[in-house]
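As a plain string of letters, each chain reads:
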Amino acid sequence: MTNDLNRRDFVRAAGTAAVGIAAGSCRQPTSEAPVNASAASQAQPGHSRELVFPKGFLWGVATASYQIEGAWNEDGKGPSIWDTFAHTPGTIRNSDTGDVAIDHYHRYKEDVRLMKDIGVNAYRFSIAWPRIFPNGTGPINQKGLDFYNRLVDELKAAGIEPFATLYHWDLPQALQDQGGWQSREIPKAFGDYAGSVAKHLSDRVKHFFTINEFQQLCDTGHHGVELIVQGKPVKLHIAPGLTLDEGALNQVRYHAILGHGLAVQAIRAMGQAGTKVGPAENMPTAIPAIDSPEHVTAAEIATRDLNAHYLAPMLEGQYSEAFLTRAGKDAPKFTEEDFRLIAAPLDFVGINVYIPSLLVMASDQPAGYRAVPFNNSHPKMFSSWHRLEPDVLYWAPRLLHAIWKPKEIYVTENGCAASDAISADSQVYDSDRVMYLRNGMSQLQRATREGVPVKGNFVWSAMDNFEWTDGYGTRFGIVYVDFKTQQRTPKLSAQWFREASRRNAVV
């Protein structure tokens with residue numbers, strides 16, 4: 001049965017699944033109001049009331065290799081688990097595949113020019129592991145590496161800073177055949193791949209994200225997540241489409257963060273001086289129902305609990321006692337030596353922010369918080385899962401900063417789908433997306449104004465593309481793509497983005 005859902009449903013699903021994580025931890029965060037930014041940017045003359053971002057704030061857009069590149073078997077590229085999954089009948093809406101996608105592999109120069117025209121100054125793209133190592137390991141496929149060299153050169157020439165994601169779900173199928181992320185050998189192979197890419201690209205690419213969305217890689221890919229969408233039960237699965245028991249799933253989760261740690265070590269060893277590295281996680285976030293100290297503390301505790309599998313151990317160097325107690329016999333096998341790699345110091349943390357996982361209030365219960373249900377009439381965006389809650393773009397980075405204090409924060413994805421269509425005058429008037437961006441960016445500016453070290457934001461997505469299990473049925477881009485002709489048309493939201501980037505402010 002085809003799941004009529006896309007990758008953003010996975011974010012919602014992960015949040016829903018995370019609600020089941022019991023509270024109570026070896027260290028509870030303390031509530032902390034953000035520090036006022038003494039060096040906050042001043043509004044430009046003539047725009048004294050604008051919500052201005054700090055000087056140097058990056059206005060970026062994001063994509064993923066399988067969703068845009070196409071050329072799935074060209075120039076020596078090996079098959080990925082997404083090639084296999086998409087070619088499996090019944091997995092993707094309308095039997096769509098990423099074989100061609102939006103043909104970015106051949107049209108990258110056009111796409112870079114378009115990004116420059118709409119004011120983009122940072123671009124987060126992902127590198128297809130099987131394009132570099134067709135079998136996951138072995139000799140480099142030079143033609144695959146050459147593509148990313150050309151792309152990076154084109155970006156630098158256009159004044160767009162490249163941010164590379166090393167893993168956005170497209171594991172080489174050859175490694176999946178050897179056990180995939182269930183095998184401890186895969187983290188080692190990932191570290192080798194990451195080091196090789198850093199060696200060849202870090203003379204121009206200064207920021208590398210290790211893994212995108214650990215929860216989706218592990219939970220949705222290796223177990224499936226059940227949720228209710230519009231009153232109907234749906235089980236979500238992405239590649240490789242496995243259904244593991246809790247013990248095996250916890251081991252996959254552990255191997256993913258170990259792979260992250262090994263990649264950090266390899267990038268430090270092989271990359272040029274000044275190369276920065278961090279993860280890009282869709283951090284489950286609990287937001288306070290009321291902005292008062294006791295409820296904010298409750299949100300901090302809940303957010304830390306929701307991140308017990310991934311961010312918390314990466315940033316704290318251990319699993320919490322509460323997590324290990326809950327896991328019991330299903331706890332992953334790990335070593336202290338591994339955790340020294342997993343918890344290697346990071347230059348930044350990237351978070352993908354779409355919706356809050358929980359709405360919470362303070363409680364006398366042992367957890368220290370209780371969940372408050374969202375009302376059935378709470379407004380949403382076009383996607384059935386996409387609850388409209390602009391505050392999450394304030395609370396997610398603020399809580400991340402309060403709990404773990406990373407040096408720098410990037411919002412590595414945020415955006416929304418919309419019912420986009422070409423109008424009679426050949427334009428796309430996505431007014432709802434403009435509303436979404438304006439409100440969300442206002443909240444993100446609030447965070448920067450209060451001293452949270454957010455250095456940039458990447459809108460999902462640069463262009464309409466292959467949206468995972470939803471195929472080409474859902475559009476997230478600020479540039480419209482005619483999937484038959486591959487013609488690109490900037491939407492109203494792209495015009496908004498251009499002006500916001502020009503002013504470095506919410507407009």
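Residues numbered from 1 in each chain as written. Predicted model: local features only at pLDDT ≥ 70, side-chain atom pairs only at ≥ 80, totals over all residues. Heavy atoms only, no water.

## So, the side chain of serine 501
Selection criterion: Each helix corresponds to a stretch of at least 4 residues labelled H or I by DSSP, and each strand to a stretch of at least 2 residues labelled E; elements are numbered beginning at the N terminus. Exposure is judged per residue with a 1.4 Å probe applied to protein chains only, and the accessible area is read against the type maximum: over 50% gives exposed, under 20% gives buried, and values in between give partly exposed. By definition in these notes, contact holds between two residues if any of their heavy atoms fall within 4.5 Å.
Inspection of the secondary structure assignment puts serine 501 in helix H17 (residues 492-503). Of the residues examined, serine 501 reaches a relative accessible area of 14% and is grouped as buried. When residues no more than four places from it in sequence are discounted, the contact partners of serine 501 are Trp59, Gly119 and Asn121.

## Some thoughts on the sheet that holds strand S11 (residues 358-362)
To keep it simple, the criterion reads: Two strands qualify as a pair provided DSSP detects at least 2 bridges between them. Axis definition: a line fitted to C-alpha atoms, limited for helices to the stretch in contact. Angles are taken between N-to-C directions and run from 0 to 180 degrees.
Across the sheet, which stays open at both edges, the three strands sit in the order S9-S11-S12 with mixed pairing between neighbours. Each end of this open sheet is capped by a strand with a single partner; those strands are strand S9 (286-288) and strand S12 (369-371). The mean angle between the axes of side-by-side strands here comes to 45 degrees, regardless of whether they run parallel or antiparallel. Relative to S12, S11 is paired through three bridges, and the arrangement is antiparallel. From the neighbouring strand, valine 360 faces S12, where its bridge partner is alanine 371. On top of the sheet, helix H11 (residues 293-306) reaches S9, S11 and S12; it is set at about 130 degrees to S11, its chief contact.

## Structural notes on the confidence of the model for the protein
Quick note on the threshold: As a per-residue quantity, pLDDT reports the predictor's confidence and falls between 0 and 100.
For the protein, the average pLDDT comes to 91, and 89% of its residues sit at 70 or higher. Per-residue pLDDT stays below 50 along residues 1-5; that stretch engages in 20 contacts with residues further than four places along the chain or on separate chains. Segment residues 7-47: pLDDT under 50, and 115 contacts once partners within four positions in sequence are set aside and those in other chains are kept.

## Regarding the pairing of strand S8 (residues 276-281)
The buried fraction of S8 is high, at five of six residues. Both strand S5 (residues 207-212) and S8 contribute to a ladder of four bridges, which runs parallel. Within S8, the position partnered with phenylalanine 209 by the bridge is glycine 278. Bridge count for S8 against strand S10 (residues 349-352) is two bridges, and the pairing is parallel. Each residue of the ladder has a partner; that of alanine 280, found in S10, is glycine 350.

## Observations regarding the environment of isoleucine 211
Relative to the elements of secondary structure, isoleucine 211 occurs in strand S5. Placed 68 residues apart in sequence, isoleucine 211 and proline 279 show a C-alpha to C-alpha distance of 5.7 Å.

## Describing unusual backbone geometry
That bond from alanine 239 to proline 240 is cis: its omega, 10 degrees, falls within 30 degrees of zero. Mapped onto the secondary structure, proline 240 falls in the loop between strand S7 (232-236) and helix H10 (246-270). With an omega of 10 degrees, the peptide bond running from tryptophan 460 to serine 461 counts as cis. Of note, serine 461 is situated in the loop between strand S14 (454-460) and strand S15 (479-481). The backbone phi angle of tryptophan 169 is positive, close to 85 degrees, even though this residue is not glycine. By the element assignment, tryptophan 169 lies in the loop between strand S4 (161-167) and helix H7 (173-176). Residues other than glycine seldom take positive phi values, yet glutamate 213 does so here, at roughly 55 degrees. By the secondary structure assignment, glutamate 213 is in the loop between S5 and helix H9 (214-222). Given a relative accessible area of 0%, glutamate 213 falls into the buried group.

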